[in-house]
Amino acid sequence: MDIIKNLIPKEKYSIKCPYSLSPIGITVHNTANSASAANEIAYMERNDKETSYHFAVDEKEIIQALPLDRNGWHAGDGATGSGNRRTIAIEICRSTSDDLNLFIQAEKNAAWLCASLCLQYGWSTKDIYTHQHWSGKNCPHKTLELGWDRFLAMVEQNMTEMSRKTEPEKKGDFEGMTAEQKKAYVKGLYVTYTGRQADPSGLNYWMDQIGDQTALIDIEKAFSNQEECRKYAVKNAYRNVMKREADSTGLKYWTDWLKKHTAAELYDQLVALKKKGNK
Ligand SMILES: [Zn+2]
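Residues numbered from 1 in each chain as written. Predicted model: local features only at pLDDT ≥ 70, side-chain atom pairs only at ≥ 80, totals over all residues. Heavy atoms only, no water.

**Examining the coordination of the zinc ion**
- Coordination sphere of the zinc ion, protein contribution only: His29 (ND1), His131 (ND1) and Cys139 (SG), at 2.0 to 2.2 Å.
- Accessibility expressed as a relative area gives 4% for cysteine 139, which makes it buried. (Donors = N, O, S within 2.8 Å, 3.2 Å for Na, K, Ca; no water. Buried < 20%, exposed > 50% of the residue type's maximum accessible area, 1.4 Å probe, protein only.)

**Things to note about helix H12 (residues 248-257)**
- Among the residues making up H12, those that are buried are Gly250, Leu251, Trp254, Thr255 and Trp257. Taken down its axis, H12 places every buried residue within 155° of arc, on the same side. For H12, the exposed residues lying more than 90 degrees away from the buried face are Ser248, Thr249, Lys252 and Tyr253.
- Where the residues of H12 are buried, they touch helix H11 (227-242) and helix H13 (263-276). (Helix = DSSP H or I, 4+ residues; strand = E, 2+ residues; numbered from the N terminus. Arc of directions from axis to C-beta. Contact = heavy atoms within 4.5 Å.)

**Digging into the sheet that holds strand S4 (residues 62-64)**
- One open sheet accounts for six strands, arranged S1-S4-S3-S5-S2-S6; its pairing is mixed. Sheet topology places strand S1 (3-5) and strand S6 (128-130) at the edges, where each strand pairs with a single neighbour. Neighbour-to-neighbour, the strand axes of the sheet open up by a mean angle of 25°, direction not taken into account.
- Two strands pair when backbone bridges link them, and strand S3 (residues 55-57) and strand S5 (residues 87-92) are joined in this way by three bridges, in the parallel orientation. Residue pairing for S5: valine 57 is matched across the bridge by isoleucine 92.
- Across the sheet, helix H2 (residues 37-46) lies against S3 and S4, angled at about 150° from S3, the strand it touches most.
- Where helix H4 (residues 100-121) meets the sheet, it contacts S1, strand S2 (25-30), S3, S4, S5 and S6, and its direction lies at approximately 165° from that of S5. (Pairing = 2+ DSSP bridges. Axes fitted to C-alpha atoms, helices over the stretch in contact; angles between N-to-C directions.)

**Side note on the environment of alanine 89**
- For alanine 89, the location among the structural elements is in strand S5.
- For alanine 89, a relative accessible area of 0% corresponds to the buried category.
- Remark: the alpha-carbon pair of alanine 89 and alanine 56, spanning 33 residues in sequence, is separated by 8.7 Å.
- Each residue touching alanine 89, except ones within four places of it in the same chain, is listed here: Thr27, His29, Tyr53, His54, Phe55 and His74.

This is the structure in C-alpha cells:
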C-alpha cells in the first residue's frame, strides 16, 4: 500500500505537534464517525484545535498528516503523558458507518500500517496501544468491540508476510537459539493458540519438531493447525464477534473450515454472517 503524505503546514506545528517525538509505539483510535480518511484529515488540518494524529486510514487509503518525529495530541493523557508524547497515532475511519465492510477494510489497512511501522522501528504487537490504555476512553470503540486480540493477530500476520517478502530465502529462524529460548517460544505458542500452559509431553513434542533449519512460520502454521487450536480460535471468534458461546454445530463446522483458512478470514466470515442477522 502507498502512504499518501498530506502534512500539515509548518505554521500549525505550534498547535498540532509542538514537541519532537521519539516514538516507543503506536496508539490506535477509531474516529467514532463515518467520514473518509481524506475528510478526517482535511478537518483536522483546517481547524485550530489541538487534537491531532499522524495517520487516518479508511477502506482505500492511508493518509499521513503529521511528521513521525513530531508528537500529536490524541491520547488524552496530558502534555507529558507517554501516549501523547511517545506514540504514533493512527485513526481508523468509518467506525460508525452503516456499512461495516468499510470499517473492516479500513482496519485491514490499519493493520498493514501498524505492521510496517513495527518492522521499521523494531517493535512487536506489544508496542501497539489502545487509546483506552492511556486515558480510559472507550477508543478504538469498534476495534475493541470486534476484538483487540483479533486486530493484533492481523498485524502479526502482516508482519510475517512482510518479513517473508524482504527475506525470501530466510530459513532457520531457530538457528542459534538456546534450548531455553526454544522452550519459551513453544510455551508462547501454547498460550497464544490454546489459551493454556504447555503440558510436558506437548512441550517435548514441539521441541523435537524444531530443528536449526526450520522456519518459525512453518512451526507456527503446523502448531496453529491442530484441532485444539482451531477450536480455541472458533470459540474466541464467536465471543468477540457474535457475543455468545459457539454452539456445537457452528463449532464443528468452523473448526473444520479453519484447516484451510486463517483466523482473520474466519472473523470476516462471522462479521458478514452477523451483519446478515444469520446466526
Ligand atoms: Zn481515540
